[in-house]
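A structural walkthrough
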Amino acid sequence: MTGAPALWYQETIIMLRSHEDDELNARQNATTERSAAAMLDKETERELYALYKAHFARADAERLWNPWSSVVWPTGAEAETSAPSTALIEATLALWRDATLLPDYAAINQNLLRASRGRAWFWTHWTYEKSKHLVAFLEWLQRRGGWDEAALSRAADELLTQYRWEPPCDEATGICVDALLYELSQLEKLERLKTQAHAEGESTLAELVTWIIRDTQAQRDYLAEALRTIGSHYPERLTEALNTVAASHEAPELATALAAYLQ
């Protein structure tokens, strides 16, 4: 019996590996018909999952941070500086409002991507990172932006009560196209905010935004590479998704611009 535990372990691993190809992203009873449509062929799904694993590994190796220990928050005399401008506070609030709709982004898109393991698991990681960005903005708004926790809580409740984000389509490739467009837009806003923060000497906000930009760039890169992978196997599906998302934004030129970006 000396080698029994090791033998059992080896046999279990072999058994799991032997079933991986057949059961990779297998449709489960809990997966809806709409979600199951996200599932592509086995090879494409393997490629998408490999992309996710590489994305996750780089995140842990290169981008681990949090809004408290990774950023120096001035205290005491150092914190007694002039208040940030109204323009800087409003720009930060705008990004905070975008992030506050995270429950919609997380739940709706995860449901639509559920059957595609690589993309669904990417979305769980995306949700974690976006929640960190939301907290970072909230911290700065409380410490420097003149908002207290109660006021921000009321503002968030009001936003979530009055508005609900809906995806431009219910097809998984289109969801990823729309998410890529979102990240590209967010990066433009974040770069402008970082420039504003530096101009006003708001070093803590600039540092927070630097971390958030790094995360957002990585999210953009995963989505772009996933779409390139899908496009290499299903070019018509990608073209249709680009056109659908562009039409939802009433900007048909977006389809051409995004197609060029993904080349």
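Residues numbered from 1 in each chain as written. Predicted model: local features only at pLDDT ≥ 70, side-chain atom pairs only at ≥ 80, totals over all residues. Heavy atoms only, no water.

1. A closer look at the environment of arginine 119
Within the element layout of this structure, arginine 119 appears in helix α6 (residues 117–143). Arginine 119 sits in the buried class, given a relative accessible area of 1%. Between the alpha carbons of arginine 119 and cysteine 176 there is a distance of 8.7 Å; along the sequence they are 57 residues apart. (Helix = DSSP H or I, 4+ residues; strand = E, 2+ residues; numbered from the N terminus. Buried < 20%, exposed > 50% of the residue type's maximum accessible area, 1.4 Å probe, protein only.)

2. Things to note about helix α3 (residues 42–62)
The α-helix winds at 3.6 residues per turn, so residues separated by three or four positions along the chain end up facing the same way. With 21 residues, α3 should cover 30 Å at 1.5 Å per step; its first-to-last C-alpha distance of 30 Å lies within 8% of that length. Listed in full, the buried residues belonging to α3 are Thr44, Glu45, Leu48, Tyr49, Tyr52, His55 and Ala59. In an axial view of α3, the angular spread of the buried residues amounts to 135°, which keeps them on one side of the axis. Elements that come into contact with the buried residues of α3 comprise α6 and α9 (203–233). (Expected span 1.5 Å × (residues − 1). Arc of directions from axis to C-beta. Contact = heavy atoms within 4.5 Å.)

3. Considerations on the nonpolar core
In this structure, Phe122, Val177, Leu180, Leu223, Leu227, Leu242 and Leu262 are the most contacted members of the largest nonpolar core, which totals 36 residues. For this core, the elements supplying multiple residues, two or more each, are α3, α5 (102–113), α6, α8 (172–199), α9, α10 (235–248) and α11 (253–261). Looking at this core element by element, the count peaks at seven residues for α8. Other than its neighbours up to four places away in sequence, phenylalanine 122 contacts Tyr52, His55, Gln219, Tyr222 and Leu223. Counting residues in each nonpolar core, the second largest holds 27 residues, with Leu88, Trp96, Leu134 and Leu190 among its members. (Core = buried A, V, L, I, M, F, W, Y, C linked by side-chain atoms within 4.5 Å.)

4. Remarks on the packing of aromatic side chains
This structure, assessed with the given rule, holds eleven aromatic pairs. Consider the rings of tyrosine 49 and tryptophan 121, whose centres lie 5.5 Å apart with planes at 75°: the pair is edge-to-face. Within this pair, whereas tyrosine 49 is found in helix α3, its partner tryptophan 121 is found in helix α6, the two being separated by 72 residues in sequence. For tyrosine 49, a relative accessible area of 16% puts it in the buried group. One residue, arginine 237, lies across the ring of tyrosine 234, its end atom 5.1 Å from the ring centre. (Phe/Tyr/Trp six-rings, centres within 6.5 Å; stacked < 30°, edge-to-face > 60°. Lys NZ or Arg CZ within 6 Å of the ring centre and 35° of its normal.)

5. Considerations on the packing of α3 against α9
For the pair α3 and α9, interaxial distance at closest approach is 10 Å and the crossing angle is 165°. On the basis of their axis angle, the class for α3 and α9 is roughly antiparallel. The hand of the α3/α9 crossing is right-handed. The residues of α9 that touch α3, namely those facing Thr44, Glu47, Leu48, Leu51, Tyr52, His55 and Glu62, are Arg214, Ala218, Gln219, Tyr222, Glu225, Ala226, Thr229, Ile230 and His233. Tallied by class, residues from the contact of α3 with α9 come to seven nonpolar, five polar and four charged. (Axes fitted to C-alpha atoms, helices over the stretch in contact; angles between N-to-C directions. Parallel < 35°, antiparallel > 145°, perpendicular 65-115°, else oblique. Left-handed = near helix turned anticlockwise from the far one by under 90°. Nonpolar A, V, L, I, M, F, W, Y, C, P; charged D, E, K, R; others polar.)

6. What about the pattern of salt bridges?
Within this structure, the stated rule accounts for 13 salt bridges. In this structure, the salt-bridge partner of arginine 46 is glutamate 43, at a minimum N-O distance of 3.6 Å. Remark: glutamate 43 and arginine 46 occur in helix α3; sequence separation between them is three residues, near one turn of the helix. On the basis of relative accessible area, arginine 46 is assigned to the partly exposed category, the value being 30%. Measuring nitrogen to oxygen at the nearest pair gives 3.0 Å for the salt bridge that ties glutamate 183 to lysine 130. One end of the pair, glutamate 183, is in helix α8; the other, lysine 130, is in helix α6, and 53 residues separate them in sequence. For glutamate 183, a relative accessible area of 0% puts it in the buried group. On the basis of relative accessible area, lysine 130 is assigned to the buried category, the value being 9%. Bridged by salt links that share partners, the residues Arg63, Glu129 and Asp215 form one connected network. (Salt bridge = Lys/Arg side-chain N within 4 Å of Asp/Glu carboxyl O.)

7. Here's the deal with the side chain of threonine 100
For threonine 100, the location among the structural elements is in helix α4 (residues 86–100). The contact partners of threonine 100, leaving out residues within four places of it in the chain, are Leu134, Ala156, Leu159 and Leu160.

8. A short note on the side chain of glutamine 219
Mapped onto the fold, glutamine 219 is located in helix α9. Residue glutamine 219 is classed as buried on the basis of its relative accessible area, which comes to 0%. Once residues within four sequence positions are removed from consideration, glutamine 219 is found in contact with His55, Phe122, Trp126, Glu129, Lys130, His133 and Glu183.

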